[in-house]
Amino acid sequence: MRIRKIFALLAALAGCAAALAQAAPAASGKTVAERLGYPAATRLLMIHADDFGMAHTVNTATMEALEKHWVTSASILVPCPWFPEVAQWAKTRGRLASASTWRMSTTC
């Protein structure tokens, strides 16, 4: 039950952040959409892959999603049991697409 409340809170925060990013122009006077090359009123969706390194199945899905550009960011859980698989995969691929971002987490 607690996890559902956390997901609901995260979803609400993500919605608020998205609304603010769309509505508030940057110092340059452009919205996030415009800075990414889209018209100002365009709605954008960012999909982030979380828990990379948690399990082999999560890794397999995340690797495919990154390679096929279905997602452009992922969080790697360093102390988790399947982190070495992620590290080896990333090492053999070199740098992924320039749009890819990585966030390292120290909790599992």
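Just so we're clear, the structure is a prediction, and the values are computed from it rather than from any experiment.

Asks: Now, about the pattern of salt bridges: what can you tell me, with residues and values included?
Replies: Tallying each qualifying case throughout the model produces one salt bridge. Its salt-bridge partner being lysine 68, residue glutamate 64 comes within 3.0 Å of it at the nearest N-O pair. Given the relative accessible area of 47%, lysine 68 is considered partly exposed.

Asks: Got a sec to walk through the packing of aromatic side chains? Specific residues and values, please.
Replies: Evaluation of the coordinates by the stated rule reveals one aromatic pair. Their ring planes at 70 degrees and their centres at 5.9 Å tell us that phenylalanine 52 and tryptophan 89 sit as a pair that is edge-to-face. Of this pair, phenylalanine 52 sits in strand β1 (residues 48–52) while tryptophan 89 sits in helix α4 (residues 83–93); the two residues are 37 residues apart in sequence, bridging distant segments of the chain. Here phenylalanine 52 and tryptophan 89 have matching classes, each one buried.

Asks: Go over the pairing of β1, please, and point to the residues and values.
Replies: Summarising the sheet, β1 and strand β2 (residues 73–77) pair through three bridges and their orientation is parallel. Paired with phenylalanine 52 across the bridge in β2 is isoleucine 76. Once you follow β1 into helix α3 (residues 56–67) and on to β2, the crossover reads as right-handed.

Asks: Now, about the packing of α3 against α4: what can you tell me, with residues and values included?
Replies: Running from N to C, α3 and α4 point in directions that differ by 25 degrees, and their axes come no closer than 10 Å. Considering the angle they form, α3 stands roughly parallel to α4. Once α3 is placed against α4, the crossing between them reads as right-handed. Counting all contacts with α3, which are made through His56, Asn59, Met63, Leu66 and Glu67, the residues of α4 involved are Glu85, Val86, Trp89 and Arg93. In terms of residue class, the contact of α3 with α4 is built from four nonpolar, two polar and three charged.

Here is what the cut-offs are and how they apply
Residues numbered from 1 in each chain as written. Predicted model: local features only at pLDDT ≥ 70, side-chain atom pairs only at ≥ 80, totals over all residues. Heavy atoms only, no water. Salt bridge = Lys/Arg side-chain N within 4 Å of Asp/Glu carboxyl O. Buried < 20%, exposed > 50% of the residue type's maximum accessible area, 1.4 Å probe, protein only. Phe/Tyr/Trp six-rings, centres within 6.5 Å; stacked < 30°, edge-to-face > 60°. Helix = DSSP H or I, 4+ residues; strand = E, 2+ residues; numbered from the N terminus. Pairing = 2+ DSSP bridges. Right-handed = clockwise from strand over helix to strand, strands pointing away. Axes fitted to C-alpha atoms, helices over the stretch in contact; angles between N-to-C directions. Parallel < 35°, antiparallel > 145°, perpendicular 65-115°, else oblique. Left-handed = near helix turned anticlockwise from the far one by under 90°. Contact = heavy atoms within 4.5 Å. Nonpolar A, V, L, I, M, F, W, Y, C, P; charged D, E, K, R; others polar.

No statement about biological role is implied by the geometric values presented.
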